[in-house]
Each structure stands twice: as structure tokens, then as C-alpha cells.
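In case you want the letters, here they are:
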Amino acid sequence: MKVYISCDMEGATGVVRWEQVEHDKPEYEFGRAMQLHDLLAVAEAALECGADEVLVNDSHSRMINLDARRIPKGLRLVSGSGKYLSMMEQVEGADLAFFVCYHAKAGTLRAILDHTMSGNTFDLTLNGVSVGELGFNAAVAGHFGVPPALVTGDAAVCREAKSVFGDDVTTCVVKEGVARTSAVLLPPEETAALLQKAVKEAMARGRKAVPYRPAFPGRVALTVFNCAQADAAAGIPGTIRESGRTLTFEAKDAVEAYCWFRSALSLAGTVPR
Ligand SMILES: [Zn+2]
């Protein structure tokens, strides 16, 4: 069995504020250490549970957060940015997808560092259903027939996982948000044990996991924070200007939708919020 891990950072044990996930801040070393802590707990458990291959994609910001010197034998790490499929690069060919250190979508109550790919997304929908990074990334995995089997992060992203994928996905809560930048934390030894237990469960029910496949051709809609941001992205061929702040695109499949969304968001991001 081949396990694919998309590893973000905001949902790591102990992380509550932006400084801890921004590489130019002194607190980043803490966030980085905790991302590695959760990743190692998950990846080592997957190998122990008999995964033939575990491929980790460093999926946060510059995507060079995970220290290759700390990667255990048997693991493969996709490191660095510029990847066509970004947070889901190399997912094709995997049997199960794990979403580790994930966070809830933009606009979620009491969710640590909630956002959707960037701070410029007010909302993102696929065929009218609001999704976050988790849902959209899982749709890309679904395009390649890979089901979401495990989601780890705060309580909010775990609730989001159950509501989007249903009860067959295993979730592991490592902290409970009390505000956007405050949470009740658990000691790392405890979250490591919870993560290992969750991996066992996810792999045991793995064959039953169903790929997340929103209908395509389908419509992706991005609502940004102001009209100038939408102006900046409206020129992408095929883009429909739905309203002042909302752009839509008819995509033939999840990969095309994902590429349009990321392009539109980077252009929107050239204009301040
Ligand atoms: Zn991130």
C-alpha cells in the first residue's frame, strides 16, 4: 500500500499564531519542529502498519519546512515549491491520502488560523458547495482515484473533514481552538500517541475509503476580499466575472479547476486586501 501525505503546518500540535508558521519570524522554529513532530508520528506509524511506500509532500508556504536530514529511512519527501499540483504534487498512484497538520477553511468559527490557500480568499465553492484547502486538495486526489483516509489538525478541520467526506474518514484532533489564534493544547507525547492510533485506524479501514469526487465538468467560484483583487484576476481566459468580488470558471476536471483557482488567487494577491 502506498500512502501519500500532504503536510501543512497550521494544524500542528502546539501551533496557534501566524508567527509560528512564518519563516522570517523567530517563532517559526517552534512551528517547524511541531510540524515535523506530527509528521514523524504519522509517517512512522504508516510504515509500521505495513505501508510499502510513504511519500510526504511539504505543503506549507515555501514548502521547504521539513528538514530532509530528519526524514526516517523508507520515507520519500517532495520538498520545494513551483510544483504544478502544489499541495497535492505526486499524489497520482497512491492508495490513500493523509492530510496532516491541516487547518479549517476561511470563515470557520474557533478554527486555528483558518484560511483557504491564502488570506485573500473570502470563499471558494465547487458546484456551489463551499470548500477549503482540505476539500479542494481532496478533489484533486479524487481525480486520480485516491481517497482521503486521515485528517489531522484542530477540532474545526476534523469537523470539516467529516462534513465533506462523511464518517469513513479518520480524524485526529491535536488541539481545540478557542479563537482564531488561541487553542487548548495537548502535550506532544499525547498527540503523538493519538496520531499513531489514528493512522492504525485509517489504514485498517483504508480499503473502504471512497475518493472525494465533486461532479465535473463543474463550476469553481472564488470570492476575494475586494473588487480590485477580482479586477486583477478577471482577465484569465475563460473567467466569468460573476459580481464585484466573485469570479467563476467552468472546469473540465478537478485539476483544471485547481490550476485556475491558484492562478486567479495569485493574481488577486497582487492587490492589497
Ligand atoms: Zn499552511
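This report concerns the structure included in the present document. Because the structure is a prediction, the values reported are computed rather than measured.

Conventions used here
Residues numbered from 1 in each chain as written. Predicted model: local features only at pLDDT ≥ 70, side-chain atom pairs only at ≥ 80, totals over all residues. Heavy atoms only, no water. Pairing = 2+ DSSP bridges. Helix = DSSP H or I, 4+ residues; strand = E, 2+ residues; numbered from the N terminus. Donors = N, O, S within 2.8 Å, 3.2 Å for Na, K, Ca; no water. Tetrahedral: all angles 85-135°; square planar, octahedral: opposite > 155°, others 65-115°. Buried < 20%, exposed > 50% of the residue type's maximum accessible area, 1.4 Å probe, protein only. Contact = heavy atoms within 4.5 Å. Core = buried A, V, L, I, M, F, W, Y, C linked by side-chain atoms within 4.5 Å. Domains from an automatic or database assignment.

### A word on the pairing of strand 5 (residues 121-126)
Then step 1. Of the pairings in the sheet, the one linking strand 5 to strand 10 (residues 218-224) comprises 5 bridges and is antiparallel in character. For Thr-125, the partnering residue across the bridge sits in strand 10 and is Ala-221.
Then step 2. Relative to strand 6 (residues 129-130), strand 5 runs antiparallel, the two being bridged by 2 bridges. Bridge assignment links Thr-125 to a residue of strand 6, and that residue is Ser-130.

### Concerning the coordination of the zinc ion
Then step 1. Asp-8 (OD), Glu-10 (OE), Glu-10 (OE) and His-60 (ND1) make up the full set of protein donors to the zinc ion, lying at 2.0 to 2.6 Å.
Then step 2. Viewed at the metal, the 4 donor atoms of the zinc ion are separated by angles of 54 to 138 degrees, and the geometry they form is irregular.
Then step 3. One chain supplies every donor to the zinc ion, and in sequence these donors are spaced D-x1-E-x49-H.
Then step 4. Look at Asp-8 and you get buried, because its relative accessible area is 2%.

### A few points about the side chain of Gln-229
Then step 1. Here Gln-229 is to be found in helix 5 (residues 227-233).
Then step 2. In contact with Gln-229, not counting residues within four places along its chain, are Asn-120, Val-224, Ala-268, Val-271, Pro-272 and Arg-273.

### Overview of the environment of Gly-14
Then step 1. Mapping Gly-14 onto the fold places it in the loop between strand 1 (2-7) and helix 1 (28-48).
Then step 2. The spatial distance from the C-alpha of Gly-14 to the C-alpha of Ala-97 is 23 Å, given a sequence separation of 83 residues.
Then step 3. If we skip the residues at most four places from it in the chain, Gly-14 touches Gln-20, Phe-30, Lys-175 and Leu-185.

### Here we look at the nonpolar core
Then step 1. Core analysis: the biggest nonpolar cluster contains 51 residues, and Phe-136 and Trp-260 have the highest contact counts within it.
Then step 2. For this core, the elements supplying multiple residues, two or more each, are strand 4 (96-102), strand 5, helix 2 (133-143), helix 3 (155-165), strand 10, helix 5, strand 12 (246-251) and helix 6 (254-268).
Then step 3. Taken domain by domain, the makeup of this core includes at least three residues from each of domain 1 (2-105 + 134-208) and domain 2 (218-268).
Then step 4. With residues near it in sequence (within four places) discarded, Phe-136 still touches Leu-124, Leu-126, Val-131, Val-220, Ala-254, Ala-257, Tyr-258 and Phe-261.
Then step 5. Ranked by size, the runner-up nonpolar core spans 43 residues in total, among them Ala-41, Ala-45, Ala-192 and Val-199.

By themselves, these are just geometric observations and shouldn't be taken as functional.
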